[in-house]
Amino acid sequence: NSSQTPQSIPVPQLRLTEEEKRLLAQEGVTLPGELPLTQVRAGTRGAGGAGGGHRSDPSVPQAEERLLKKVRRKIRNKQSAQDSRRRKKEYLDGLESRAAACSALNQELRKKVQELEKSNGSLLRQLQALIKETSTKPAQTGTCVLV
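Residues numbered from 1 in each chain as written. Predicted model: local features only at pLDDT ≥ 70, side-chain atom pairs only at ≥ 80, totals over all residues. Heavy atoms only, no water.

A. Structural context of the overall build of the chain. Broken down by element type, the chain carries two helices and zero strands. Taken over 147 residues, the chain has a buried fraction of 10%. Taking as baseline every contact in the chain between residues at least 6 positions apart, the subset at least 24 positions apart corresponds to 51%. (Helix = DSSP H or I, 4+ residues; strand = E, 2+ residues; numbered from the N terminus. Buried < 20%, exposed > 50% of the residue type's maximum accessible area, 1.4 Å probe, protein only. Contact = heavy atoms within 4.5 Å.)

B. Representation of the pattern of salt bridges. Evaluated as defined, the whole model comprises six salt bridges. For Lys 78, the salt bridge goes to Glu 19, with nearest N and O atoms at 3.0 Å. Separated by 59 residues along the polypeptide, Lys 78 in helix H2 (residues 59-136) and Glu 19 in helix H1 (residues 18-27) bring together distant segments of the chain. The salt bridge involving Arg 72 is made with Glu 20; its shortest N-O contact spans 2.7 Å. Of this pair, Arg 72 sits in helix H2 while Glu 20 sits in helix H1, and the two are 52 residues apart along the sequence. On the basis of relative accessibility, which here comes to 29%, the residue Arg 72 falls in the partly exposed class. (Salt bridge = Lys/Arg side-chain N within 4 Å of Asp/Glu carboxyl O.)

C. Geometry of the nonpolar core. In this structure, Leu 14, Leu 23, Leu 24, Leu 31, Leu 67, Leu 68, Val 71 and Ile 75 together form the largest nonpolar core, which totals eight residues. Taken together, the elements giving at least two residues each to this core come down to H1 and H2. The element best represented in this core is H2, accounting for four residues. (Core = buried A, V, L, I, M, F, W, Y, C linked by side-chain atoms within 4.5 Å.)

D. Looking closely at a nonpolar patch on the surface. Together, Tyr 91, Leu 92 and Leu 95 line one region of the surface with nonpolar side chains, adding up to about 280 Å² of accessible area. Positionally, Tyr 91 belongs in helix H2. (Patch = residues over 30% accessible without salt bridge, like charges linked within 9 Å, V, L, I, M, F, W, Y side chains within 5 Å. Areas by Shrake-Rupley, 256 points an atom, 1.4 Å probe, with all protein chains shown as cover.)

E. The arrangement of H1 in detail. Those residues of H1 that fall on the buried side of the exposure criterion are Glu 20, Leu 23 and Leu 24. Around the axis of H1, the buried residues are gathered within 100 degrees of arc, so they sit on the same side. Across H1 from its buried face, at more than 90 degrees, point the exposed residues Glu 18, Ala 25 and Gln 26. (Arc of directions from axis to C-beta.)

F. Spatial organisation of the side chain of Glu 20. The exposure class assigned to Glu 20 is buried, which follows from its relative accessible area of 7%. Here Arg 72 takes part through its side chain, which lies 2.7 Å from a polar atom of the side chain of Glu 20. When residues no more than four places from it in sequence are discounted, the contact partners of Glu 20 are Arg 15, Val 71, Arg 72 and Ile 75. (Polar contact = N/O pair within 3.5 Å; in protein donor to acceptor, adjacent residues only side chain to side chain.)

Encoded structure:
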């Protein structure tokens, strides 16, 4: 609708997070407050068609958009790296707790094995003593009387 005046067309505002603002400042860039970045600056926005003197240097807004995309990509990468480190830490914490539990169980089982070996040795000695006792005694025969 080219018949509309620039005042009747709502211009969306550029919303930047604090992190985006910080990174843009670090890059030494200030962006206009209105979207889209590739259109002409104030006074010529929405006013007119293709061509001549209505547009400023097109490489500037495109560079701004590229920079904004770069900053947002950096932020996404940073968040992704933080998530990755958090997941890795959770995984390692889980592994450490499992290792501790397995170690405790292993210790318990070793103790049980020692107790059973001790008990087994004692029973083996008792059995050998009984075998020795029964092999040296002559067999006794007896009679039973029923009344």
